[in-house]
Structure formats: C-alpha cells, structure tokens
Amino acid sequence: NAGVMQNPRHLVRRRGQEARLRCSPMKGHSHVYWYRQLPEEGLKFMVYLQKENIIDESGMPKERFSAEFPKEGPSILRIQQVVRGDSAAYFCASSSSAGNVDTQYFGPGTRLTVL
Amino acid sequence: AQSVSQHNHHVILSEAASLELGCNYSYGGTVNLFWYVQYPGQHLQLLLKYFSGDPLVKGIKGFEAEFIKSKFSFNLRKPSVQWSDTAEYFCAVNARNYGGSQGNLIFGKGTKLSVKP
C-alpha cells in the first residue's frame, strides 16, 4: 500500500527559475494539501485541493505560487521566478475525506534550495 | 486566529526516563488534535489523534496523549523512552466547522527529542 509520493526529493534552482513539485496521493484519496516548512519552524498550510478544484488557498503567497490537482495525474505545486526565501521543505498530504473529519497522511517532502 | 504552542524546543532524556511534551492550542470551538513524529531522514508519521470520545488516546509505540478541554491542551506522554524515540514531534490542530478552511492543519513549531542510550 503505497503512501503519499513526492518528487523530486531534492530540487536545486537558481534565482529566477521555475520549480515544479509533484505529489501523488495515497490510493483512494482525493483530497490533497500542501504545507511549507521553513528552518526552525513548524509546517504552514498553503493550499487544499480536491480533484480539479482549489478548496482553500488562504496560505498561498499571492504571487508566483500556484497549485493544481488535475483529473488525471499528480498534484503540482509551481513556483515561478524563485527567490532565496522560497528555500524550504514542501510537504504534501492526502486524505480520503475532507480534512476536518479525516486524518492527513504526509509524503516525504521536497527540499527546495534556491541558489 | 488559531495557533498551537509547543513549550519545549529541545528535550534531552536518558533511556527509561518518562516523557511529557506540552501542546496548547487557541480555538474555542470543536477541534481535532494530532501528534505527528518525524524520525531523522524520514517523513511525518501519525503518532495518535483525537476526534471525540475518551480524552485519553493511545497511539503507536507506547505513546499516549490526554485532551484537557478546559486547559486547551493535548500533551504527549510516554512512561519510558527508548533511544529509537529520538525524533522531532509535532502537535497539530484542525478546527471542525471552522468558518474558513475545512482542511487546514495548524502545526506547532515542533519539539526535538534526543534520547541518550
């Protein structure tokens, strides 16, 4: 029973490049969440998606960040024109029901380093 | 706004010592409560959770937590720690029927536990 998969595990980008982070939820899960963890900080919620719909993006920076969860394929978190402050670990989680009544299971994370 | 406080940044214990990690949250309504653990080099794993019912919940690996509603607390305990419990522990809260997000987990900053053999 595969858990939540994320790739790549490590990603290095230069300032101004684009970063694409992928998340495949657990089998049977249609709810996906993205969180960001800065050094010495806890995880901060970014966005909550359910197949083809963004349910809540209140934690997402207004510019340069976008997320999608298409009908087929993984969820993608896209960061355009990366800056050094985007360096962080990005975690994806999934659940089978809405997050306020179900448990979220986490992937291994993608560590983004911006040079 | 909701927030979660974990009182200890780093705890160092010897094997067989008892453990209690504090977690307090700020939200007046109904909450779901979680403890996650992150072992070195691994991803977050669910340790235990509270949704309703008995406020004393038991999790994996001998961990338990007690929900005290009047104190807005959900402290994690283990009677006797092992070297293999060395990890970072995160408390998280999700508000049910919250006016905004239905999926937003609020995390504490984490407590690093080091167990000396």
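An account of the accompanying structure is given in this report. (Residues numbered from 1 in each chain as written. Chains lettered and ligands numbered in written order. Predicted model: local features only at pLDDT ≥ 70, side-chain atom pairs only at ≥ 80, totals over all residues. Heavy atoms only, no water.)

Within chain A one finds zero helices and eleven strands. Counting only C-alpha atoms and orienting by the principal axes, one finds that chain A spans roughly 40 × 30 × 25 Å. Buried positions account for 47% of the 115 residues belonging to chain A. A total accessible area of about 5,600 Å² is found for chain A, and carbon and sulfur atoms account for 46% of it. Across chain A, the 16 positively charged side chains and the 11 negatively charged ones have centroids separated by 8 Å. (Helix = DSSP H or I, 4+ residues; strand = E, 2+ residues; numbered from the N terminus. Buried < 20%, exposed > 50% of the residue type's maximum accessible area, 1.4 Å probe, protein only. Areas by Shrake-Rupley, 256 points an atom, 1.4 Å probe, with all protein chains shown as cover. Lys, Arg positive; Asp, Glu negative; His and termini not counted. Charge placed at Lys NZ, Arg CZ, Asp CG, Glu CD.)

Here we come to the interface of chain B and chain A. Opposite the 25 residues of chain B that make contact, chain A presents 23 residues. Between chain B and chain A, the buried area comes to about 1,900 Å², and carbon and sulfur atoms account for 52% of it. Between chain B and chain A we count one salt bridge in total. One salt bridge in this structure joins Glu 41 of chain A and Lys 109 of chain B, with 3.8 Å as the shortest N-O distance. Between chain B and chain A we count three residue pairs in polar contact (both at pLDDT 80 or more) in total. Those elements that place two or more of their residues in the side of chain B that touches chain A are β5 (31–38), β6 (45–50) and β10 (87–95) of chain B. The dominant element in the side of chain B that touches chain A, judged by the number of residues it contributes, is β5 of chain B, at four residues. Of the residues contributing to the side of chain B that touches chain A, the split by class is nine nonpolar, twelve polar and four charged. (Contact = heavy atoms within 4.5 Å. Buried area = accessible area lost by both parts, 1.4 Å probe. Salt bridge = Lys/Arg side-chain N within 4 Å of Asp/Glu carboxyl O. Polar contact = N/O pair within 3.5 Å; in protein donor to acceptor, adjacent residues only side chain to side chain. Nonpolar A, V, L, I, M, F, W, Y, C, P; charged D, E, K, R; others polar.)

Take the sheet that holds strand β8 (residues 75–79) of chain A next. All names here are of chain A. Within the open sheet, the four strands sit side by side as β1-β3-β8-β7. Their pairing is antiparallel. Either end of the sheet is taken by a strand with one partner, and the two such strands are β1 (5–7) and β7 (65–68). Ignoring strand direction, the axes of neighbouring strands in this sheet form an average angle of 15 degrees. By the bridge criterion, three bridges tie β1 to strand β3 (residues 19–24) in an arrangement that is antiparallel. Each residue of the ladder has a partner; that of Asn 7, found in β3, is Arg 22. (Pairing = 2+ DSSP bridges. Axes fitted to C-alpha atoms, helices over the stretch in contact; angles between N-to-C directions.)

Geometrically, a pair of aromatic rings is defined through the distance of the ring centres and the angle of the planes. Under the criterion given, the structure shown has 14 aromatic pairs over all chains. Between Tyr 35 of chain A and Phe 45 of chain A the ring centres are 5.9 Å apart and the planes differ by 70 degrees, which places this aromatic pair in the edge-to-face class. Of the two residues, Tyr 35 of chain A sits in strand β4 (residues 31–37) while Phe 45 of chain A sits in strand β5 (residues 43–50), which places them ten residues apart along the sequence. Relative accessible area serves as the criterion here: at 9%, Phe 45 of chain A is assigned to the buried category. For the ring pair Tyr 25 of chain B and Phe 72 of chain B, a centre distance of 5.6 Å and an interplane angle of 75 degrees mean the geometry is edge-to-face. Residue Tyr 25 of chain B is found in strand β4 (residues 24–26), and its partner Phe 72 of chain B is found in the loop between β8 (64–68) and β9 (73–78); the two are separated by 47 residues along the sequence. For Tyr 25 of chain B, a relative accessible area of 6% gives the class buried. Assessed through its relative accessible area of 35%, Phe 72 of chain B is described here as partly exposed. Grouped by ring-pair contacts, the aromatic residues Tyr 35, Phe 45 and Phe 106 of chain A together with Phe 34, Tyr 36, Phe 51, Phe 90 and Phe 107 of chain B constitute a single cluster. The ring of Phe 51 of chain B carries Lys 49 of chain B above its face, with NZ or CZ at 5.5 Å from the centroid. (Phe/Tyr/Trp six-rings, centres within 6.5 Å; stacked < 30°, edge-to-face > 60°. Lys NZ or Arg CZ within 6 Å of the ring centre and 35° of its normal.)

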